[in-house]
Amino acid sequence: MSVLVVAEHNNSELNAMTLSAVSAASQLGDSDIHLLVAGENCGDVAKQAAAVAGVTKVFHAESAGLAHAIGENVAATVGSIAGDYSHILATATASGKNWMPRLAAQLDVQQISDITAVESADTFVRPIYAGNAMATVQSSDATKLITVRSTSFEAAADTGGSASVESVDAAGDFAGTQFVSEEVGESDRPDLVSAKVVVSGGRGMGSEENFKILEPLAEKLGAAIGASRAAVDAGYAPNELQVGQTGKVVAPDVYIAFGISGAIQHLAGMKESKVIVAVNTDEDAPIFQVASYGLVMDLFDVIPQLQEAL
Amino acid sequence: MKVLVPVKRVIDYNVKIRVKSDQSGVETENVKMAMNPFDEVAIEEALRMREAGVATEVVAVSIGTDKSQETLRTALAMGADEAMLIQTDADVEPLGVAKLLHKAVEKVGPEVVILGKQAIDDDSNQTGQMLAAMLDWPQGTFASKAEFSDGKVALSRETDDGIETLNLSLPAVITTDLRLNEPRYPNLPNIMKAKKKPLEVIQADSMGVDFASRLTVLKVEEPAEREPGVILGSVDELIDKLRNVEKVIS
Ligand SMILES: Cc1cc2nc3c(=O)[nH]c(=O)nc-3n(C[C@H](O)[C@H](O)[C@H](O)COP(=O)(O)OP(=O)(O)OC[C@H]3O[C@@H](n4cnc5c(N)ncnc54)[C@H](O)[C@@H]3O)c2cc1C
Ligand SMILES: Nc1ncnc2c1ncn2[C@@H]1O[C@H](COP(=O)(O)O)[C@@H](O)[C@H]1O
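Please read all numbers here as calculations on a predicted model, not as lab measurements.

A.B. asks: Any chance you could explain the overall build of chain A here in plain terms?
C.D. replies: Along its length, chain A carries 9 helices and 16 strands. For 310 residues, the compact-globule estimate of 2.2 N^0.38 gives 19 Å, and the C-alpha radius of gyration of chain A, at 20 Å, lies within 12% of that figure. Structurally, chain A occupies a C-alpha span of about 60 × 40 × 40 Å along its principal axes. Residues classed as buried in chain A amount to 60% of the 310 residues present. Look at the contacts in chain A between residues 6 or more apart in sequence, and 64% of them connect residues 24 or more apart. On chain A, roughly 11500 Å² of surface is accessible, and the fraction owed to carbon and sulfur atoms is 45%.

Rendered as structure tokens:
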């Protein structure tokens, strides 16, 4: 049995979420784990992939059409080596969610999205209804296509492996889809999904200006900044900071929520955090039901005090 | 051009989900149902295309039990021109839904299909991409903006890093993110009008596709509960807890 894990990367660095997908792959039983690195000028990523503990082979595909992980092109390239794999795994990121179902349909497979546990080689646990229920599902497909929720699996070590790297041809580009541009949020903060500390702001922050007061605090704590959908919709924060059912799923050591009420769609993205702190003027806010520590106080008083005391 | 919009009937997003005690699924009896929120955004986008003269006709389609007619009536009341129910009592998975939608596309002949990015019950986020693959059409997923001109759409999509813009040639499949638009509410006159709009019912079994489930649900459980927390009196107490009890900050 061999398992293919498709690496997520930005052409220069392997995304740490891939390491969680590798560790999910290692729970599938006695299997060879192969990694595919598909991109443009991504040789460095292939080298990093070869060093991941437990990986026995790395496939490296290069083409301009893979530079931005266009879903149509990634699905075709993965499809061209899908061959005899019993399982194909990807990260449950915007990218993995985009290309994998396309490949699943091409292979006539019912994909299993966003798994949080491996029960056996054909049985998996996944959240449904924004994590308000956990379903255990068994697949009857010959090939299992799976996206992995990275916060539910310990990352595999990124050293210690010595896999061989083999070049494979990228599939031809899909003519109907052209990349035009990308606006990437600039930040020297830690990555939201892997950060140990997250400070997050909601509608209670009141304005885009006010939202910025989270920055010096995040700086002091070495934290990433997150946001609720309401804060993003109101333009206080960019979309890539959204935490929740339809944003990112995070599980840091500590998640500090300022002015967030705690709608189930928000909780879906952060309730697995080790310690949750909620700061909210409304003592009945549902966020307090999941908070390890709560402060029923005005966030505009709390943030300067924290800033001072840390 | 015609636009086809698949809409799913789901438990209303405000309802607190209860898992059945026999672990066979979640309680849906006597629970408020509604159109999947992402699908409302999809209908709204199609209506705006028609209002802007880009589209000529908006057709809503749903796969589900007879009750999904209610969801289709909502789509008609929002302003869709026609509706189609592909009727089945089976729980159809995204792959099966995409196969049935593929048939619906052949029947209706749209140039654009707009779906929600995910159904808030199964949270699969698969159907649009699967349908695009079956049609061999471009896919613009998680859309926050769509501008049509000259047989193409400039599509902005939400990624984990920010916003990406793609140029897709038509025909194409689009899936919506919530920020694409703000859906309208149907008003009373339109709700009345919707009752007279055409709603065709087709049996899923008659469509010549195999939509049997590939996944068996062995059990559905409540998620692990969190330990109850404490309300603290001051910022200093909080820092003490985080630093000395939890040891999560230095
Ligand atoms: C299909 C769907 C998907 C969704 N996906 C997501 C998602 O992924 N992520 C997400 O976050 N939401 C999501 N939502 C939206 C969600 O339902 C809520 O609307 C949203 O999370 C509310 O954000 P909020 O808590 O910031 O705002 P509100 O609910 O308005 O809460 C603001 C809070 O701030 C408090 N407050 C105000 N001023 C102060 C102050 N000075 N000091 C302290 N506290 C203060 C108030 O007491 C209040 O509790 C989704 C909704 C739908 C329908
Ligand atoms: N039973 C259904 N009937 C109509 N449309 C559906 C159905 N299931 C899924 N869809 C469409 O596919 C989208 C994504 O659903 P999913 O892949 O299940 O997360 C939804 O937002 C709908 O637009």
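A.B. asks: Is there a simple way to explain a nonpolar patch on the surface in this structure?
C.D. replies: Taken together, the side chains of Leu188, Ile191 and Met192 of chain B present a nonpolar region at the surface, about 280 Å² in accessible area. Following the sequence through the fold, Ile191 of chain B ends up in helix α5 (residues 188–194).

A.B. asks: How should the interface of chain B and chain A be read in this particular structure?
C.D. replies: Accessible area lost on assembly of the parts is the figure often given for the size of an interface. Taken together, the contact between chain B and chain A spans 73 residues of the former and 82 residues of the latter. Together, the buried faces of chain B and chain A total about 6500 Å²; carbon and sulfur atoms form 54% of this surface. At the boundary of chain B and chain A, one finds 5 salt bridges. For Arg179 of chain B, the salt bridge identified is with Asp233 of chain A, shortest N-O distance 2.8 Å. Inspection of the chain B/chain A interface yields 45 residue pairs in polar contact (both at pLDDT 80 or more). Counting only elements with at least two residues in the side of chain B that touches chain A, the list comes to α3 (94–108), α4 (127–135), β7 (139–149), β8 (152–158), β9 (162–169), β12 (215–221), β13 (230–232) and α6 (235–245) of chain B.

A.B. asks: Would you mind showing me how to read the site of ligand 2 here?
C.D. replies: All names here are of chain B. Lining the immediate environment of ligand 2, one finds 19 residues, of which Asp39, Ile63, Ala119, Asn125 and Thr127 sit closest. In the model, an oxygen atom of ligand 2 is placed 2.9 Å from a nitrogen or oxygen of the Pro6 main chain. One nitrogen or oxygen atom from the main chain of Gln126 is found 2.9 Å from an oxygen atom belonging to ligand 2. Considered on its own, ligand 2 offers 480 Å² of accessible surface; in the complex 98% of this is hidden by protein. For the shell around ligand 2, the secondary-structure elements that each account for two or more residues are β4 (57–64), α3 and β6 (112–116). Sort the elements by how many residues they give to the shell around ligand 2 and β4 lands first, with 3 residues. The residue inventory of the shell around ligand 2, partitioned by class, reads 8 nonpolar, 8 polar and 3 charged.

A.B. asks: What is the right way to read the side chain of Ser292 of chain A from this model?
C.D. replies: Relative to the helices and strands, Ser292 of chain A is located in the loop between β15 (275–279) and β16 (293–295). For Ser292 of chain A, a relative accessible area of 13% puts it in the buried group. Discounting residues that sit within four places of it in the chain, Ser292 of chain A has contacts with Lys274, Val275 and Ile276 of chain A together with Arg226, Gly229 and Val230 of chain B.

A.B. asks: What is the right way to read unusual backbone geometry from this model?
C.D. replies: One can expect most non-glycine residues to show negative phi and most peptide bonds to be in trans. A cis amide bond links Leu170 of chain B to the next residue, Pro171 of chain B, at an omega of 5°. With respect to the helices and strands, the residue Pro171 of chain B is situated in the loop between β9 and β10 (172–176). Positive phi values are uncommon outside glycine, yet Ala130 of chain A reaches one of about 55°. With respect to the helices and strands, the residue Ala130 of chain A is situated in the loop between β7 (123–128) and β8 (133–139). Positive phi is not limited to glycine here, since Asn30 of chain B has a value of about 55°. Residue position: Asn30 of chain B is located in the loop between β2 (9–11) and β3 (33–35).

A.B. asks: Help me understand the site of ligand 1, please; the structure alone is not making it clear to me.
C.D. replies: Around ligand 1 sit 30 residues, and of these Arg203, Ser228, Ser261, Gln265 and Asn280 of chain A come closest. More than one chain reaches ligand 1: its neighbouring residues belong to chains A and B. In the model, an oxygen atom of ligand 1 is placed 2.6 Å from a nitrogen or oxygen of the Arg203 of chain A side chain. Within the side chain of Asn280 of chain A, a nitrogen or oxygen atom sits 2.7 Å from an oxygen atom of ligand 1. Elements supplying a minimum of two residues to the shell around ligand 1: α7 (229–233), α8 (264–267) and α9 (299–309) of chain A together with α1 (37–51) of chain B. Looking at the shell around ligand 1, its residues break down into 12 nonpolar, 14 polar and 4 charged.

A.B. asks: Help me out: how do you make sense of the sheet that holds strand β9 (residues 144–148) of chain A in this one?
C.D. replies: Whether parallel or antiparallel, the strands of a sheet pair through hydrogen bonds between backbone atoms. All names here are of chain A. Pairing within the open sheet is parallel, and its 7 strands lie in the order β5-β9-β4-β1-β2-β3-β10. Of all strands in the sheet, those bounded by a partner on one side alone are β5 (112–115) and β10 (164–169). The sheet shows a mean angle of 25° between the axes of neighbouring strands, taken without regard to direction. With 5 bridges connecting them, strand β1 (residues 2–6) and strand β2 (residues 32–39) associate as parallel partners. By the bridge assignment, Val5 is partnered in β2 with Leu35. With respect to the sheet, helix α4 (residues 94–106) is in contact with β1, β4 (87–91) and β9, its orientation differing from that of β4 by roughly 160°.

A.B. asks: Teacher, can you tell me more about the sheet that holds strand β14 (residues 254–258) of chain A here?
C.D. replies: If you trace the 6 strands from one edge of the open sheet to the other, you get β13(A)-β12(A)-β14(A)-β15(A)-β16(A)-β13(B), paired in parallel fashion. In the strand order of this sheet, the two ends are held by β13 (224–227) of chain A together with β13 of chain B, each with one partner. Between one strand and the next, the sheet's axes are offset by a mean angle of 25°, whatever the strand orientation. Here strand β12 (residues 197–201) of chain A runs beside β13 of chain A; their pairing, made up of 4 bridges, is parallel. When the sheet's bridge partners are listed, Gly201 of chain A is paired in β13 of chain A with Ala227 of chain A. Seen against the sheet, helix α6 (residues 214–221) of chain A touches β12, β13 and β14 of chain A and runs at an angle of roughly 170° to β12 of chain A. Contacts from α9 of chain A reach β14, β15 and β16 of chain A, with the element oriented near 140° to β14 of chain A.

Conventions used here
Starting from 1, residues in each chain are numbered consecutively following that chain's sequence as written. All chains are assigned letters beginning at A, and all ligands numbers beginning at 1, according to the order in which they are written. Side-chain atom pairs in this predicted model are given and counted only at pLDDT of 80 or more, local residue features only at pLDDT of at least 70, and totals for whole chains, interfaces and linings cover all residues. For the side-chain quantities, the full set of heavy atoms in the structure was used; hydrogens and water were omitted. Under the scheme used here, helices are H or I runs from DSSP no shorter than 4 residues and strands are E runs no shorter than 2 residues, and both carry numbers assigned from the N terminus. Here the globule rule is a power law, 2.2 Å times the number of residues to the power 0.38, and the radius of gyration is based on C-alpha atoms. The rule is simple: take the accessible area with a 1.4 Å probe, protein chains only, and divide by the maximum for that residue type; under 20% is buried, over 50% is exposed, in between is partly exposed. Here, residues are in contact when the closest pair of their heavy atoms is within 4.5 Å. The Shrake-Rupley method, run with a 1.4 Å probe, gives the accessible areas here. Residue values count only the displayed protein chains as cover. The residues that make up patches have over 30% relative accessible area and no salt bridge, and they are joined within 9 Å when like-charged or within 5 Å when they are Val, Leu, Ile, Met, Phe, Trp or Tyr. Here a salt bridge means any side-chain nitrogen of Lys or Arg lying within 4 Å of a carboxyl oxygen belonging to Asp or Glu. Accessible-area loss on putting two parts together, using a 1.4 Å probe and summing over both, is the definition of buried area adopted here. Contacts described as polar in this section are N or O atom pairs within 3.5 Å, which, within protein, must combine one atom able to donate a hydrogen with one able to accept it, while residues neighboring in sequence count only if both atoms come from side chains. The near set for a molecule or strand comprises every residue that places at least one heavy atom within 4 Å of it. Each residue gets one of three labels, nonpolar for Ala, Val, Leu, Ile, Met, Phe, Trp, Tyr, Cys and Pro, charged for Asp, Glu, Lys and Arg, and polar for the others, Gly among them. Note: two strands are recorded as paired if DSSP finds a minimum of 2 bridges between them. Working convention: axes come from line fits to C-alpha atoms, limited for helices to the stretch in contact. Angles between N-to-C directions cover 0 to 180 degrees.

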